[in-house]
Amino acid sequence: IIILEGDGLNRIKHAASLYNKGLGQELWFSGHIDCEPYGSYILEKCYSEFNTYGISKNDIHHEDKSQNTYEQAIEIMKICIDKKWRSIIITASPYHQYRVFLTFLKAMNEFNFQILIFNSPTRNLPWFNKEEWGTRFELLDQEFRRIELYQEKGHVSTYKEGIEYFKWKEKNLIGSN
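Residues numbered from 1 in each chain as written. Predicted model: local features only at pLDDT ≥ 70, side-chain atom pairs only at ≥ 80, totals over all residues. Heavy atoms only, no water.

Q: What exactly am I supposed to notice about the pattern of salt bridges here?
A: Proximity of charged atoms lets side chains of opposite charge pair with each other. Applying the stated rule across the entire model yields 7 salt bridges. Here D141 and R145 are joined by a salt bridge, their closest N and O atoms 2.8 Å apart. One end of the pair is D141 and the other is R145, both in helix α5 (residues 136–153) and 4 residues apart, which spans about a single turn. Classification of D141 as partly exposed rests on a relative accessible area of 44%. Where R146 meets E143, a salt bridge forms, and the shortest distance between an N and an O atom there is 3.9 Å. (Salt bridge = Lys/Arg side-chain N within 4 Å of Asp/Glu carboxyl O. Helix = DSSP H or I, 4+ residues; strand = E, 2+ residues; numbered from the N terminus. Buried < 20%, exposed > 50% of the residue type's maximum accessible area, 1.4 Å probe, protein only.)

Shown next, in the form of structure tokens:
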């Protein structure tokens, strides 16, 4: 279970729920944002939050090289290859899931590695509450611009590649009929 840094501590409860249901054997916190308003404090707060859900600090791993979604995808794919994982569940905010998927698909293809990618957005987050970083609705608007920027940089797969991946994934999950 991959928890992408961001959106405060809101992703922790969802990731803990997935873990406690047995949907993943390891929790990986990905990212190392060390700037205002987030600061490096966030991982220590995450450990404390996970502890409230009965998850020990020993069960949580940290990928701390990445500074953005593309770098997170690259670093997590390296871990996937090293650990020979066959699937990952990515936890992020609902507005971020589309870019996350296209970015992780791009990294997977760059490494010529096949893995089942499951997006699991954090649920029941308010869209219009003002947070220190804005509202989630405002972030959704920014997300479309970020996808365009990632496209210009070559950091995301195309929509067509995404569709082809889902065809491959469906075939591997339910078999060919």
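Q: In this structure, what is going on with the packing of helix α4 (residues 97–110) against helix α6 (residues 159–174)? I would like to understand it.
A: Think of two packed helices as two axes; the pair is described by the angle between the axes and how far apart they sit. For the pair α4 and α6, the least separation of the axes is 10 Å and the interaxial angle reads 80°. Here α4 is positioned roughly perpendicular relative to α6, judged by the angle of their axes. Contact residues: α4 offers Y98, F101, L102, L105 and M108, while α6 offers Y159, E161, G162, Y165 and F166. (Axes fitted to C-alpha atoms, helices over the stretch in contact; angles between N-to-C directions. Parallel < 35°, antiparallel > 145°, perpendicular 65-115°, else oblique. Contact = heavy atoms within 4.5 Å.)

Q: Whenever I open this one, the side chain of R99 confuses me. Can you help?
A: Secondary-structure assignment places R99 in helix α4. Note on R99: relative accessible area 5%, which makes it buried.

Q: Whenever I open this one, the pairing of strand β4 (residues 87–92) confuses me. Can you help?
A: Both faces of the sheet carry side chains from a regular strand, because those side chains alternate between them. Of all 6 residues that make up β4, 5 are buried, and the element is covered over most of its length. In this sheet, β4 lies alongside strand β1 (residues 2–4) in parallel orientation, the contact comprising 2 bridges. Looking at β4, one finds that I3 is bridged to T91. Sheet topology note: the β4/strand β5 (residues 116–121) ladder contains 6 bridges and is parallel. Note on β5: the bridge partner recorded for T91 is S120. A crossover connection joins β4 to the parallel β5 through α4; in handedness this β-α-β unit is right-handed. (Pairing = 2+ DSSP bridges. Right-handed = clockwise from strand over helix to strand, strands pointing away.)

Q: I would appreciate a short explanation of the packing of helix α3 (residues 69–83) against α4 in the present structure.
A: Two elements in contact, α3 and α4, have axes whose closest approach is 9 Å; the angle formed by their N-to-C orientations is 45°. The angle between α3 and α4 places the two elements in the oblique class. Crossing angle aside, the handedness with which α3 passes α4 is right-handed. Across the interface between the two elements, T69, Y70, Q72, A73, I74, I76 and M77 of α3 pack against R99, V100, T103, F104, A107, M108 and E110 of α4. (Left-handed = near helix turned anticlockwise from the far one by under 90°.)

Q: Would you mind going over a nonpolar patch on the surface with me for this structure?
A: A contiguous nonpolar patch, built from W127, F128 and F137 and spanning about 350 Å² of accessible area, is present on the exposed surface. Assignment of secondary structure puts F137 in helix α5. F137 gets classed as partly exposed once you look at its relative accessible area, which sits at 46%. (Patch = residues over 30% accessible without salt bridge, like charges linked within 9 Å, V, L, I, M, F, W, Y side chains within 5 Å. Areas by Shrake-Rupley, 256 points an atom, 1.4 Å probe, with all protein chains shown as cover.)

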